[in-house]
Amino acid sequence: MTNRKLVDIVRDQKLLALTEHDTVQQACRQMFENGTGSVLVIDDDQRLTGIFTGRDAVRTLAEGKNAEVATLAQAMTPSPITITASSRAIDALREMSNRGFRHLPVIEDGKILGVISRGDFKGMEIDGLDEEDHLWECIR
């Protein structure tokens, strides 16, 4: 189970992407309607330029910005860390854990394939990461 590839997770995923010109309100509505915690932000050439998550929405509102007016270019996390589809699920989970991410875009040869979130992982993968963390604590 810990050798599962990310391509298997995102294979049938419906890509939720908006442009940098769309608003925070539009992104929040799409996230709510699709039951997801993130929107990938793309430019006019369909390249990934950012990711917008619930954390970005909270930060934007806390800064007093109007969600109907603020664009994703103003509110997103720009140039997000990505991972390739050929990577193992445990590697993605480790990257997310180490960096404090809940969402990680999956890219292959410049093409956006999807985004993984913590909920995409199986118990054995999470257990494997917990075991790795415990071993590192013992070694230190």
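Residues numbered from 1 in each chain as written. Predicted model: local features only at pLDDT ≥ 70, side-chain atom pairs only at ≥ 80, totals over all residues. Heavy atoms only, no water.

1. Description of the environment of Ser86
- Looking at the element boundaries, Ser86 is found in the loop between β5 (83-84) and α5 (89-99).
- Exposure remark for Ser86: the relative accessible area of 46% places this residue in the partly exposed category.
- When the C-alpha positions of Ser86 and Glu108 are compared, they lie 8.2 Å apart, and in sequence the two are 22 residues distant.
- Once residues lying within four places of it in the same chain are set aside, the contact partners of Ser86 are Lys5 and Glu108. (Helix = DSSP H or I, 4+ residues; strand = E, 2+ residues; numbered from the N terminus. Buried < 20%, exposed > 50% of the residue type's maximum accessible area, 1.4 Å probe, protein only. Contact = heavy atoms within 4.5 Å.)

2. What about the pattern of salt bridges?
- Scanning the entire structure with this criterion turns up eight salt bridges.
- Among the ionic pairs, Asp8 bridges to Arg11, the shortest N-O distance being 3.1 Å.
- The closest approach of N and O atoms between Arg88 and Asp91, which form a salt bridge, is 3.0 Å.
- For Asp91, a relative accessible area of 23% gives the class partly exposed.
- Taken together, the salt bridges that share partners define one network made up of Asp43, Asp45 and Arg47. (Salt bridge = Lys/Arg side-chain N within 4 Å of Asp/Glu carboxyl O.)

3. Thoughts on the nonpolar core
- Judged by nonpolar contacts, the single largest core of 14 residues is most densely connected at Leu18, Val24, Ala27, Val39, Val41, Phe52 and Leu72.
- Elements that contribute at least two residues to this core include exactly α2 (24-34), β2 (38-42) and α4 (72-75).
- A total of three residues in this core trace back to one element, the largest contributor, which is α2.
- Ranked by size, the runner-up nonpolar core spans 13 residues in total, among them Ile9, Val10, Ala89 and Ile116. (Core = buried A, V, L, I, M, F, W, Y, C linked by side-chain atoms within 4.5 Å.)

4. Some words on the pairing of strand β6 (residues 103-108)
- Burial within β6 is extensive, with five of its six residues counted as buried.
- One ladder, built from two bridges, connects β5 with β6; its direction is parallel. In the sheet register, Ile83 faces β6, and the bridge partner there is Val106.
- In terms of strand pairing, β6 meets strand β7 (residues 111-117) through six bridges, oriented antiparallel. Within β7, the position partnered with Leu104 by the bridge is Ile116.
- Turn length for the β6-β7 hairpin, with the two strands adjacent in sequence and antiparallel, is two residues, and the turn residue Asp109 shows positive phi of about 50°. (Pairing = 2+ DSSP bridges.)

5. Quick word on the side chain of Thr49
- Within the secondary structure, Thr49 sits in strand β3 (residues 48-53).
- Leave out the neighbours within four places in its chain, and Thr49 touches Glu20, Val41, Ile42, Asp43, Met76, Thr77, Pro78, Ser79 and Pro80.

6. Some words on the sheet that holds β5
- The strand order across the open sheet built from three strands is β5-β6-β7, with neighbouring strands paired in mixed fashion. Only two strands of the sheet have a single neighbouring strand rather than two, namely β5 and β7.

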